[in-house]
Amino acid sequence: MSIEYISDKELFHIKTKNSSYIFRLRKGYELEHLYYGERINDTRGIEFLSDDNFLGATLHAIDSEFTEEKLSTDRMLREYPFYGSVDLRCPAFHAEYRDGSRVTKMKYLGHKIFSGKPELDGLPSVYAKSDEAQTLEITMADSFTGLNLIYRYSAFEELDVITRSVTAVNTGNSEITLDKIMSCSVDFDNSDFDFVHLHGEAWRECEIERKPLVNGEVRISSARGASSHLHSPFFALANKNTTEFEGEVFAFSLVYSGNFELGAEVDSLKNTRAYMGINSFDFKWLLESGQSFTTPEAVMVHSSNGFGEMSRTFHNLYRNNLARGKYQNAVRPILINNWEATYFDFNEEKILNLASKAKELGIELLVLDDGWFGKRNDDTLSLGDWYTNTDKLPEGIASLAKKVTEIGIKFGLWFEPEMVSPNSELYHKHPDWCIHIEVREKSLGRNQLVLDLSRKEVCDYIVSSVSDILSCGNISYIKWDMNRNFTEIGSSALPPKRQSEVAHRYILGLYNVLERIKTAFPDVLMEGCASGGGRFDAGMMYYFNQFWTSDNTDAIDRLKIQYGTSMVMPSMFMGAHVSAVPNHQTGRTIPLETRGLCAMCGQFGYELDITQISDDEADEIKNQIELYKNIREVIQFGDLYRLKSPFDGEKTFFEFVSKDKARVCLFYFTHSCAVQCNTEKIKLKGLKPDSAYKCNKQIYSAEFLERFGFDTENLQDNSGKVYLFEIQ
Ligand code: DGJ
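Since the structure is predicted, the reported quantities are computational estimates derived from the model, not experimental observations.

### Points about the site of the ligand
Part 1 of the argument: In the neighbourhood of the ligand, 13 residues make up the surrounding shell, with Asp 369, Asp 370, Arg 446, Asp 481 and Asp 551 lying closest.
Part 2 of the argument: In this structure, Asp 370 approaches the ligand through a side-chain N or O atom, which is 2.7 Å from an oxygen atom.
Part 3 of the argument: A distance of 2.7 Å separates a nitrogen atom of the ligand from a polar atom in the side chain of Asp 481.
Part 4 of the argument: About the coverage of the ligand: the protein hides 97% of its 300 Å² of free accessible area.
Part 5 of the argument: Taken together, the residues of the shell around the ligand sort by class into 4 nonpolar, 3 polar and 6 charged.

Rendered as structure tokens:
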């Protein structure tokens, strides 16, 4: 049993392989949080963790239910803090009721524990296969307003994670307006943490920031309509001494792709309240009588062995229990994307030449990017008009797909279905189908507007126009792009009192569209993209089996981007391509070998004009492809050990270990001048104890490699090398 209810103490104990999460019911009313951390096997006495010494706290009111004991929820660790009474710290829940009041007082009504894990209505979520998870649902009720809240916890014992979500149900007769409803909130009895999160920009995704918590609040959010390049829906609280390999981490990842908020508040008693959910800024949700609202899911990971173990836990969970479909466990094809090779300037002959050359080199899939539809010769027009641009492809997309397939490689196609160009047939026909406010000018981003996916007819249009193209049968892959954020948010299909629901309704519409397309075309491999990593989040991983990590293809910049992204995302989801030099984003010239090795640390592909390369380059590319085919299972399905960070110095090491520990790939990069240095002895991790490995004809014991390290050679600036180890 991974979830236990100890009735005499009214204690809930949620257990995973290495962690425990414990709270209790007090006076049949309030849920008091007691503990989250390393697994506890014997909970006797755990209730004494509660700090009841609240006397003398004159500023803190005493809850009516706790008058006798003089307890104040303002000083208590609470399980899911709602606003309106004694606890005046940052609430997880805030709503407005018929009388204009904003006071919520939930009382425990009951709970149930059951095997498995329910799906979340219309939302992506981690799923349980057979009985690998157990779920606890606690129902809380506010008799005055008729609001019920269901707190949902699922424990995945073996995968070592706990997932959480909350459902609000209006059982009363009057409307309730939800202002804030977090997916999870966790109170800690100390504040001695560093706050770790990922921030960035397009071309500079997922930089890692680590800073000590201070009194007051740190809050990270997106109000852009997408999870965004700027911040990721992930954060961790780490002990001060936590490193990549050692120390305690509490990590949170939100399975959601829209506006989110997350943060931590340190109160006057040095307690920390951590939370995560839909962004409450510019959000309201009207719950009519009988209606319910479910939050996205938050995933909680506790690691006692640093950030590395935290990431491997996320990787295993997201590969095995979030990703779905035919490609979930299939090796990803090596692809060529024509974007940086041609941009908008291509015709059928050019694409077929690329396909023939790709076949010759060993590439398995060609993806035709932007520019194949409507009158699209630049980015000012035709988004929404999903029919072939016959100026470029006179015989149509179906014919091109067939010809590429006949060459012997698969064919993939780019779409940006959520967008519309003002200069398009779709816009002229349906000017009100975009997100806008009637009386306001519409701001353009990349010359385009966002379609209003809160409207069913818009979602239906997207499903049918994409499906019509895919139905030709020879399209095995789609790249689903999204290149601008929301402005002037409004929907002409919703009444004024529901306008603050648009951003979330959009995401629900998007999930619905993606689900329908994924179901109708189960054999199509779907790649997500949002100007690179602008929406690379766990919500998207439910639909897309890979993601374009960044539009920055400079190999040295990519080391940081891929390192940061791997905090949560597995390598097999991280699209990484070899592009031309000088690099189109940075102007830097990096050797082909380094570009290849860096791309191999993700989902490998090419993005340069291979019809223009020299014979030597072609030979080198053939060798790269052969090498990647040999090792891709280790990279895509194995365990990642980030041995040395590109954020910390002049060398980066990534180690991938196959699940059976028989094969190890050690990638090594130098990214700033490393001449006249000692060679680097890098200590490997995750090897099979008491065994030996062969590398470059030498035999090393696992103990030697982990204790003393493998002696790498000195490389010049911007160089890379991979060492392969096979168990003996
Ligand atoms: C942005 C993407 O990130 C690029 O890879 C490319 O697909 C362009 N959009 C096409 O417009």
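Alright, that's what it looks like, and here's the rest.
### Description of helix 10 (residues 615-637)
Part 1 of the argument: Taking 1.5 Å as the rise per residue, helix 10 with 23 residues should run 33 Å; its terminal C-alpha atoms sit 33 Å apart, in good agreement.
Part 2 of the argument: Remark: the principal bend of helix 10, roughly 55°, maps to Ile 631.
Part 3 of the argument: Every buried residue of helix 10 is listed here: Ala 618, Ile 621, Gln 624, Ile 625, Tyr 628, Ile 631, Arg 632, Val 634, Ile 635 and Gln 636.

### What to know about the sheet that holds strand 38 (residues 719-727)
Part 1 of the argument: The 6 strands lie next to each other as 31-32-33-38-35-36, forming an open sheet whose pairing is antiparallel. Whereas interior strands pair on both sides, the edge strands pair on one side only; in this sheet they are strand 31 (639-644) and strand 36 (698-701). Taken pair by pair, the neighbouring strands of this sheet meet at an average axis angle of 25°, ignoring direction.
Part 2 of the argument: Bridge count for strand 31 against strand 32 (residues 651-657) is 5 bridges, and the pairing is antiparallel. Considered in strand 32, the bridge of Leu 640 is made with Phe 656.
Part 3 of the argument: Relative to strand 32, helix 8 (residues 555-565) is tilted by about 50°, and along the sheet it contacts strand 31, strand 32 and strand 33 (663-670).
Part 4 of the argument: In the packing of helix 10 onto the sheet, contacts are made with strand 31, strand 32, strand 33 and strand 38, and the angle to strand 33 comes to roughly 100°.

### Concerning empty space enclosed by the protein
Part 1 of the argument: By the definition in use, this model includes 10 cavities of 30 Å³ or more.
Part 2 of the argument: Taken together, 13 residues line the largest cavity, and the ones lying closest to its centre are Leu 198, Ser 232, Phe 536, Val 568 and Met 569.
Part 3 of the argument: Elements with a minimum of two residues in the lining of the largest cavity: strand 14 (231-239) and strand 15 (249-255).
Part 4 of the argument: The residue makeup of the lining of the largest cavity, split by class, is 9 nonpolar, 3 polar and 1 charged.

### Digging into the pattern of salt bridges
Part 1 of the argument: Under the definition given, this model contains 55 salt bridges.
Part 2 of the argument: Glu 30 is the salt-bridge partner of Arg 78, the closest N and O atoms lying 2.8 Å from each other. Taken together, the residues Arg 78 in the loop between strand 4 (30-38) and strand 5 (93-96) and Glu 30 in strand 4 connect sequence positions 48 residues apart. Of the two residues examined, Arg 78 and Glu 30, each falls in the buried class.
Part 3 of the argument: A salt bridge links Lys 497 to Glu 175, with the shortest nitrogen-to-oxygen separation between them at 3.2 Å. Separated by 322 residues along the polypeptide, Lys 497 in the loop between strand 26 (477-480) and helix 7 (502-520) and Glu 175 in the loop between strand 9 (161-170) and strand 10 (176-188) bring together distant segments of the chain.

Procedures and definitions
- Residues numbered from 1 in each chain as written.
- Predicted model: local features only at pLDDT ≥ 70, side-chain atom pairs only at ≥ 80, totals over all residues.
- Heavy atoms only, no water.
- Near = heavy atom within 4 Å.
- Polar contact = N/O pair within 3.5 Å; in protein donor to acceptor, adjacent residues only side chain to side chain.
- Areas by Shrake-Rupley, 256 points an atom, 1.4 Å probe, with all protein chains shown as cover.
- Nonpolar A, V, L, I, M, F, W, Y, C, P; charged D, E, K, R; others polar.
- Helix = DSSP H or I, 4+ residues; strand = E, 2+ residues; numbered from the N terminus.
- Expected span 1.5 Å × (residues − 1).
- Bend = angle between axes of the 7 residues up to and from the residue.
- Buried < 20%, exposed > 50% of the residue type's maximum accessible area, 1.4 Å probe, protein only.
- Pairing = 2+ DSSP bridges.
- Axes fitted to C-alpha atoms, helices over the stretch in contact; angles between N-to-C directions.
- Contact = heavy atoms within 4.5 Å.
- 1 Å grid on protein atoms, 1.4 Å probe; cavity = no way out; pocket = protein on both sides within 12 Å on 5 of 7 lines; lining within 4 Å.
- Points joined across faces, edges and corners; volume = space filled by probe spheres on them.
- Salt bridge = Lys/Arg side-chain N within 4 Å of Asp/Glu carboxyl O.

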